Amino acid sequence: MIGSPDGTLLEGDLSLDARLDALIATEQEGAPLPVFGLDEQIANNMIENCIGTMGLPLGLAFNFSINGSPLVIPMAIEEPSVVAAVSSAAKTISTYQGFQAWAPERNMIVAQVQLIDIQDNDMDQVMARMQHREKVIREEANEYCTNMVLRGGGVQKVTFHRVRRHASRESFQGQDLLVKYGVVSASTLPKRTERGITSQGRCSEWLVVHLHIDVGDAMGANCANTVAEGVAPFLSKLSGGRVGVRILSNLNVDRIAKSMFRLPFSHMGYKSLSGKDVAVRILEAYEWADLDPYRAATHNKGIMNGIDAVALATGQDWRAVEAGAHAWASGAGTYSERSTDAFSSPLLSSSANSPASGRAAFSSNGTNENDSHTTARKRQFGKDGDGDQQSRISRGDAYKPLTRYWIEEDAERLRQGYKGQDALVFCGELEIPIMVGTKGGVLSTNPVHAFTLGVMRYPDSKQLAMAMVTVGLAQNFAALRALVTEGIQRGHMALHARNIAISAGTPPDSVDEVTAYMIDTGKIRLSAARLYIEQRRLALYTAGTGIGIGMSVTAANTSSVNLGSEGTSAATNGMDGMNGTNHGSSIHHGPSSDGVISDAQATERSH
Ligand code: MEV
């Protein structure tokens, strides 16, 4: 564990060297400092045609309180001000109750097996037979993940889904040609007419088997794929279908993590705006994102700024997290009954008037959730019609912001005697499928992850998912707050100037000076930075071989460190603290300069 009992780690203007020294001085146990990045020889064994490793800035987000526990959260990201923004939002939210987060008790993954060529006339019978043999299938599947079973996990349930094939011939151009020239038999395809698929075609549906596997604290992709491939021949024999694709699903409604916060208006004042004005404006911004997918995409991009950065820092398959997020944002997937029950939390139930989630719960009979998917889509799209038509028409409408914001009259505050506007709270929530793991995968290959997970006090997969969804929510709140108040360009230009200073070859310890010169003179350009460097006879800094190669954090050779910049960097300001509270986390927050993140730095940068 590392800590900074004297608070030096949190002081606003630390240089990178000083920050690392503070970390090293307080190192007690666990992940040792300095942390070195991925060894090239190891990297060479990880992927094909490897030519080296590359780095990203690694920062720490502060001020988070999740379910009453403080947490320092590592973030790896190249975009300035994201770390500062989430730390700033977390600071505001921690002035009231902090974040309340939830993740499912079991860390589930779904492996899918596609069974093809089942005749329409047989499908009902095959479904019934498979459902009847669910226990046998489960036992057979568990043979392919015996270690998980020994640890109390393994395949927990098997569900069966009928996926109707495309109705129109045009959907898959060329299928007619395959039949015409004898490549495939017409009997294996749906019977398509000008009016769509006929009810009794030949093979109008596929049977897709979902194996719901508890993978403990692993992300679980390997386990899922092994089980899917292992059990597929057995499923083929039982169903009479031919095995198609066998792979995990990255849309995992069994792993929806959720975070929320509540703030009375009195805690929301920002810049020159009152708390209630900030609240109203954020609601307007949210409503716009809800109505307009062009805005929703940007809104969600910001959320992923936070989530991806934590995923990267902690060695997660961030593409899996992204894929799940996009599918969810597009309206795919529903809750299972179990997940919905578990969403009630003390914080949530204190509300006098909690609206149902935009993605309402659907009961799952454990057999054919396809029906509930269809119901969800119809509900959301508000139309019926055949599948093709529906998805084509509705795709644009279905893409939604991942967060939700609303106002409540707070039962607890009413009880405490608050009245009128003072009893209202502004609520924010993010729920999203997050597939992560804290065991296995690349976690043991890259030493940086031992360090970053150590900073988080070695979370289990559930805690990591909760931290990630919380950072996503904090990012979105910070971005909207900045967007509805001063905008983001002021901060952006200051950050842009820093990047120009660096590109011009400014030595690291003069970046602040050159940046300030460009901002003061209003000349934010390469030529101005170069002229200044020349006139001040600063030694040109060339980011040579050491720079950014490996995600290395080394006190001895800080020139190879790409961990934020010195002085008033966004990351440094993000460390502004919690006024002497010992957060009980691996890094102790000492007395901070009461520095609130500067306007410019607390805002998000747009591209
Ligand atoms: C920039 O990376 C992220 C934002 O565009 C997010 C948003 O607009 O909500 C600032």
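Keep in mind that what you see is a predicted model, and the values were worked out from it rather than measured.

A.B. asks: Hey, could you run me through the confidence of the model for the chain in this one?
C.D. replies: Caution applies to low-pLDDT parts of the model: their predicted coordinates are not meant to be read in detail. Overall, the predicted model of the chain reaches an average pLDDT of 77, with 72% of residues at or above 70. Every residue in residues 1-9 is under pLDDT 50, and counting partners more than four places away or in other chains gives 38 contacts. Long-range and interchain partners of residues 544-607, a stretch whose pLDDT sits below 50, account for 202 contacts in this model, where long-range means more than four residues apart.

A.B. asks: Please explain the packing of helix H3 (residues 82-94) against helix H18 (residues 461-484) as it appears in this structure.
C.D. replies: Packed helix pairs are specified by the crossing angle of their axes together with the interaxial distance, meaning the distance between the axes. At their nearest, the axes of H3 and H18 sit 8 Å apart, and the two run at 95 degrees to each other. With respect to their mutual orientation, H3 and H18 come out roughly perpendicular. Two secondary-structure elements touch here, H3 through Ala85, Val86, Ser88, Ala89, Thr92 and Ile93 and H18 through Val471, Ala474, Gln475, Phe477, Ala478 and Arg481. For the contact of H3 with H18, a count of residues per class yields 8 nonpolar, 3 polar and 1 charged.

A.B. asks: What is the right way to look at the nonpolar core in this model?
C.D. replies: Buried together is how nonpolar side chains tend to be arranged in soluble globular proteins. Among the nonpolar cores identified, the biggest contains 64 residues, and Ile73 and Phe477 are the most heavily contacted of them. No other element matches the 13 residues that H18 contributes to this core. Sequence-distant contacts of Ile73, defined by excluding residues within four places in its chain, comprise Gly59, Leu60, Ala61, Phe64, Ile66, Val310, Met456, Ala467 and Val471. Ile109, Val209, Met219 and Ala224 belong to the second-largest nonpolar core, a separate cluster that totals 34 residues.

A.B. asks: Can you walk me through the sheet that holds strand S5 (residues 154-164) in this structure?
C.D. replies: Neighbouring strands of a sheet are bound in pairs by backbone hydrogen bonds; such pairs are parallel or else antiparallel. The antiparallel open sheet is built from 4 strands, whose spatial order is S5-S8-S4-S9. With partners counted over all chains shown, the strands left at the sheet margins are S5 and strand S9 (242-248), one partner each. Put simply, the sheet's adjacent strands are angled 20 degrees from each other on average, direction ignored. Relative to S9, strand S4 (residues 108-116) is paired through 5 bridges, and the arrangement is antiparallel. Bridging across to S9, Ala111 finds its partner in Leu248. Along the sheet, helix H5 (residues 134-142) makes contact with S5 and strand S8 (205-214), crossing S5 at roughly 120 degrees.

A.B. asks: Help me understand the pattern of salt bridges, please; the structure alone is not making it clear to me.
C.D. replies: Think of it this way: side chains of opposite charge can pair up when their charged atoms draw near. Evaluation of the coordinates by the stated rule reveals 17 salt bridges. Ionic pairing is found between Asp117 and Arg242, a salt bridge with its closest N-O pair at 2.9 Å. Placement of Asp117 in the loop between S4 and helix H4 (120-132) and of Arg242 in strand S9 is noted, with a sequence separation of 125 residues between them. Using a relative accessible area of 25% as the deciding quantity, one classes Asp117 as partly exposed. With its nearest N and O atoms 2.9 Å apart, the salt bridge here joins Arg536 to Glu513. A residue pair is termed long-range when its members are at least 10 positions apart, and Arg536 in the loop between helix H21 (526-535) and helix H22 (570-574) and Glu513 in helix H20 (residues 511-521) qualify at 23 residues. Residue Arg536 is classed as partly exposed on the basis of its relative accessible area, which comes to 47%. On the basis of relative accessibility, which here comes to 28%, the residue Glu513 falls in the partly exposed class.

A.B. asks: What am I meant to see in the packing of aromatic side chains here?
C.D. replies: Summed over all chains, the structure comprises 8 aromatic pairs. Note on Phe64 and Phe99: the rings are 5.6 Å apart at their centroids and 25 degrees apart in plane angle, and the pair reads as stacked. Of this pair, Phe64 sits in strand S1 (residues 58-66) while Phe99 sits in the loop between H3 and strand S3 (100-102), placing them 35 residues apart in sequence. Relative accessible area serves as the criterion here: at 1%, Phe99 is assigned to the buried category. In textbook terms, an aromatic cluster arises when at least three aromatic residues are bridged by ring pairs, as seen for Phe64, Phe99, Phe261, Tyr286, Tyr405, Phe426 and Phe477. We note Arg413 situated over the ring of Tyr418; from NZ or CZ to the ring centre the distance is 3.9 Å.

Rules used in this analysis
- Residues numbered from 1 in each chain as written.
- Predicted model: local features only at pLDDT ≥ 70, side-chain atom pairs only at ≥ 80, totals over all residues.
- Heavy atoms only, no water.
- pLDDT = per-residue confidence, 0-100.
- Contact = heavy atoms within 4.5 Å.
- Axes fitted to C-alpha atoms, helices over the stretch in contact; angles between N-to-C directions.
- Helix = DSSP H or I, 4+ residues; strand = E, 2+ residues; numbered from the N terminus.
- Parallel < 35°, antiparallel > 145°, perpendicular 65-115°, else oblique.
- Nonpolar A, V, L, I, M, F, W, Y, C, P; charged D, E, K, R; others polar.
- Core = buried A, V, L, I, M, F, W, Y, C linked by side-chain atoms within 4.5 Å.
- Buried < 20%, exposed > 50% of the residue type's maximum accessible area, 1.4 Å probe, protein only.
- Pairing = 2+ DSSP bridges.
- Salt bridge = Lys/Arg side-chain N within 4 Å of Asp/Glu carboxyl O.
- Phe/Tyr/Trp six-rings, centres within 6.5 Å; stacked < 30°, edge-to-face > 60°.
- Lys NZ or Arg CZ within 6 Å of the ring centre and 35° of its normal.

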